Amino acid sequence: MKYFHILILLLCASPALASEFLILTCERTEKNYTEVYEFKILPASKTQKAKVLIDGRDLDRSDEMGHQAVKSIVVTESTILISMEAHFPPENFDGVQYGSGSVMTVTTINRSTGQLRKVETIRGGILSTTVGEGTKIYQEQCVAPKKL
């Protein structure tokens, strides 16, 4: 029942919407810091899974610092839903040993208002010590470029 709304979005997503190429300009504000970035969603093809890029950086990444993967992208006429997972190995920073950690993220963008809502669940690792363990909710504002 917890993921029922995701199932409904999957069932209602139009094939035409799934082939759409989307670019949004988003603004994140935290305390006295504001960042503007490009949020791009590339549809899946027969040979490649769908991609999410932030300022041109692919969010599917893997290196010695960890692994991050976009698990699903659902695009409907009214909503964009993206789920991601990130896993980090144990690390030593400034002489302090931190265990492995993970972050599960669900991002929802309301296409008519441009409101982006990100729900992150942090478990373990250096992030749980610095940001805090548990679920955090962030809101940002995005706009799509005007159609010509």
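Above this text sits the structure in question.
Residues numbered from 1 in each chain as written. Predicted model: local features only at pLDDT ≥ 70, side-chain atom pairs only at ≥ 80, totals over all residues. Heavy atoms only, no water.

### Things to note about the overall build of the chain
Piece 1. Broken down by element type, the chain carries three helices and twelve strands.
Piece 2. When burial is assessed residue by residue, the chain has 32% of its 148 residues classed as buried.
Piece 3. If you take every contact in the chain between residues at least 6 apart in sequence, the share linking residues at least 24 apart comes to 35%.
Piece 4. Within the structure as shown, the chain displays about 9,800 Å² of accessible surface, and the carbon and sulfur contribution to it stands at 56%. (Helix = DSSP H or I, 4+ residues; strand = E, 2+ residues; numbered from the N terminus. Buried < 20%, exposed > 50% of the residue type's maximum accessible area, 1.4 Å probe, protein only. Contact = heavy atoms within 4.5 Å. Areas by Shrake-Rupley, 256 points an atom, 1.4 Å probe, with all protein chains shown as cover.)

### Some details on the state of the cysteines
Piece 1. The full count for this structure, using the stated rule, is one disulfide.
Piece 2. Each sulfur of the disulfide joining C26 and C142 lies 2.0 Å from the other. Classification of the bridge connecting C26 and C142 rests on its S-S torsion, roughly 105 degrees, and on that basis the disulfide is right-handed. Here C142 lies in strand 12 (residues 134–143) and C26 lies in strand 1 (residues 22–30), a separation of 116 residues in the sequence. Each member of the pair, C26 as well as C142, is classed as buried. (Disulfide = S-S within 2.5 Å.)

### Some thoughts on the side chain of E140
Piece 1. Within the secondary structure, E140 is located in strand 12.
Piece 2. Of note is the side chain of E140, whose polar atom sits 3.3 Å from the side chain of R28. (Polar contact = N/O pair within 3.5 Å; in protein donor to acceptor, adjacent residues only side chain to side chain.)

### A closer look at the layout of surface pockets
Piece 1. Taken as a whole, the largest pocket encloses approximately 800 Å³ of empty space.
Piece 2. Forming the boundary of the largest pocket are 28 residues, of which R28, M84, T105, K118 and E120 lie nearest the centre.
Piece 3. Secondary-structure elements contributing two or more residues to the lining of the largest pocket are strand 1, strand 2 (33–42), strand 3 (51–54), strand 7 (79–88), strand 10 (101–110), strand 11 (115–124), helix 3 (125–132) and strand 12.
Piece 4. Top contributing element to the lining of the largest pocket by residue count: strand 7, with five residues.
Piece 5. Per-class residue counts for the lining of the largest pocket are 15 nonpolar, five polar and eight charged. (1 Å grid on protein atoms, 1.4 Å probe; cavity = no way out; pocket = protein on both sides within 12 Å on 5 of 7 lines; lining within 4 Å. Points joined across faces, edges and corners; volume = space filled by probe spheres on them. Nonpolar A, V, L, I, M, F, W, Y, C, P; charged D, E, K, R; others polar.)

### Thoughts on the pairing of strand 7
Piece 1. Counting buried positions along strand 7 gives seven out of ten residues, so the element sits mostly inside the fold.
Piece 2. Taken together, the eight bridges between strand 6 (residues 66–75) and strand 7 define a ladder with antiparallel strand orientation. Looking across to strand 7, one finds that S72 is bridged to S83.
Piece 3. What sits between strand 6 and strand 7 in their antiparallel hairpin is a turn of three residues.
Piece 4. Of the strand pairs in this sheet, strand 7 and strand 10 are connected by ten bridges, and their pairing is antiparallel. Looking at the pairing, H87 lines up with S102 of strand 10. (Pairing = 2+ DSSP bridges.)

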